[in-house]
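Structure assessment
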Amino acid sequence: MKRTIPFNKPCVLDDGLSFISNALDNQKLCGNGQFTQKCQSFFEDTYGFKKTLLTTSCTDALEMAAMLCDIKHGDEVIIPSYTFVSTALAFVRQGAKIVFADSEKDTPNLDVDKLEMLITDKTVAIVPVHYAGVSVDMDKLMHLAEKHNLWVIEDAAQAIDATYKGQPLGKFGHLACFSFHETKNITAGEGGLLVVNDDRLLRRSEIIWEKGTNRSEFFRGEVNKYGWVDTGSSFLPSELNAAFLYSQLIHIEEIQKKRITLWQRYYDNLNIEDVVDKIKLPYIPPYASNNAHMFYLVCKTGNLRTELINYLKEHNVHATFHYLCLHDSEFSRKQNWISSDIINAVRYSDCLVRLPLFYDLSLKDVDYISKLIINFLNKNE
Ligand SMILES: *Cc1c(COP(=O)(O)O)cnc(C)c1O
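A brief report on the enclosed structure follows. (Residues numbered from 1 in each chain as written. Predicted model: local features only at pLDDT ≥ 70, side-chain atom pairs only at ≥ 80, totals over all residues. Heavy atoms only, no water.)

Attention now goes to unusual backbone geometry. One non-glycine residue with positive phi stands out, namely Asn32, at about 60°. Looking at the element boundaries, Asn32 is found in the loop between helix 1 (15-26) and helix 2 (34-47). One non-glycine residue with positive phi stands out, namely Asp70, at about 55°. Among the structural elements, Asp70 can be located in the loop between helix 3 (58-68) and strand 2 (76-80). (Helix = DSSP H or I, 4+ residues; strand = E, 2+ residues; numbered from the N terminus.)

A cluster of nonpolar side chains, Phe84, Val85 and Leu89, forms an exposed patch at the surface whose accessible area comes to about 260 Å². Residue position: Leu89 is located in helix 4 (residues 86-93). Exposure remark for Leu89: the relative accessible area of 37% places this residue in the partly exposed category. (Patch = residues over 30% accessible without salt bridge, like charges linked within 9 Å, V, L, I, M, F, W, Y side chains within 5 Å. Areas by Shrake-Rupley, 256 points an atom, 1.4 Å probe, with all protein chains shown as cover. Salt bridge = Lys/Arg side-chain N within 4 Å of Asp/Glu carboxyl O. Buried < 20%, exposed > 50% of the residue type's maximum accessible area, 1.4 Å probe, protein only.)

Okay, the side chain of Arg354 next. Structurally, the position occupied by Arg354 is in strand 13 (residues 352-355). Buried and unpaired, Arg354 has no salt bridge, with Glu182 as the nearest side chain of opposite charge at 11 Å. At a separation of 3.2 Å, a polar atom in the side chain of Arg354 contacts the side chain of His322. The residues contacting Arg354, other than those within four sequence positions of it, are Phe7, Tyr131, Met294, Phe295, Tyr296, Ala319, Thr320, Phe321 and His322. (Lys, Arg positive; Asp, Glu negative; His and termini not counted. Polar contact = N/O pair within 3.5 Å; in protein donor to acceptor, adjacent residues only side chain to side chain. Contact = heavy atoms within 4.5 Å.)

Turning next to the nonpolar core. Phe91, Leu115, Leu141, Ile153 and Phe180 are the most contacted members of the largest nonpolar core, which totals 101 residues. When residues of this core are assigned to their parent elements, the largest contribution, 8 residues, is made by helix 3. If we ignore the near neighbours within four places in the chain, the residues touching Ile153 are Leu62, Ala65, Cys69, Phe91, Ala125, Ile126, Val127, Pro128, Leu175 and Cys177. (Core = buried A, V, L, I, M, F, W, Y, C linked by side-chain atoms within 4.5 Å.)

Following this line, the structure appears as structure tokens:
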């Protein structure tokens with residue numbers, strides 16, 4: 001029987017179960033226990049984030065961000081069109097008008113050079129997405145944000161352990177949001193993290209996280225009773241999730257090393273004349289590191305992409321396209337929103353294909369998939 005290579009397989013390490021079992025032994029299963037603290041300390045110590053709060057998803061972390069920035073009805077928020085729905089959702093719920101930015105020619109990231117013309121006196125925030133864990137040009141973006149007094153919320157869902165000019169992503173924006181969904185490098189099944197870098201937002205972030213109460217201050221002994229002081233919601237993941245997440249965090253170097261080896265093998269196999277004449281390989285700008293979140297190809301046409309996906313599927317390899325541009329979604333078209341001239345994002349939407357890349361994938365699998373792609377292209381001459 002022919003073996004099937006799935007697009008993704010969640011990373012599960014041997015420690016996963018024993019850490020969950022430890023959490024059960026602790027007899028504290030709700031949020032903000034020992035494992036939550038361990039995960040948060042890991043992020044603060046490893047990446048130098050000022051404060052981190054574990055959440056049930058990156059979508060939820062973005063919701064906290066939109067609440068913290070006090071986004072109001074009529075405010076404008078700039079996000080790339082080529083991203084996941086969640087990047088927009090939190091701001092839409094606060095009543096914001098979404099302004100869509102185009103991608104760069106060479107990467108699916110938003111084109112910072114074309115941002116300034118989207119800024120109006122209603123603009124309050126920019127949400128850059130580090131696509132495939134490859135950094136947006138943050139110096140330019142932060143400079144622009146400072147000039148116009150805008151919040152920057154990094155959607156770093158895919159960007160764990162990645163850097164811009166040597167500094168960890170998630171450290172640049174006033175706030176940043178990470179995901180531990182099963183498709184990400186490090187997973188808890190579902191999970192997320194809010195990073196708070198701006199001093200003005202520190203206190204309120206804890207309160208919103210703790211359902212609008214000052215419970216955290218009470219437990220630190222800073223106040224002698226706690227109560228309802230602000231808006232908020234239930235954003236804490238259970239200790240079972242945090243325990244599982246922690247089992248991966250302590251092995252992050254090993255996980256990343258494996259993923260980078262697989263990514264590089266794809267790149268080396270496919271970086272040959274026969275291929276690069278017809279298909280574009282991922283481009284990593286000199287300021288960005290590569291956390292090997294994703295290996296993608298950009299075909300010359302949408303038809304070629306569909307044929308490639310079908311060809312791989314016939315050989316039991318599951319490759320897949322990615323985002324449909326948000327500016328062109330059913331929901332967006334019903335709103336009174338603005339979008340700039342969006343050309344590159346449409347091309348990525350039509351022509352980008354993602355190849356299998358996960359912890360349990362082998363170099364042999366990568367060689368096999370690469371060979372299929374080369375065969376497909378030769379057949380298509
Ligand atoms: C995965 C992802 C999200 C959503 O993450 P969840 O943890 O599933 O909520 C948001 N934005 C981007 C860019 C993503 O890749």
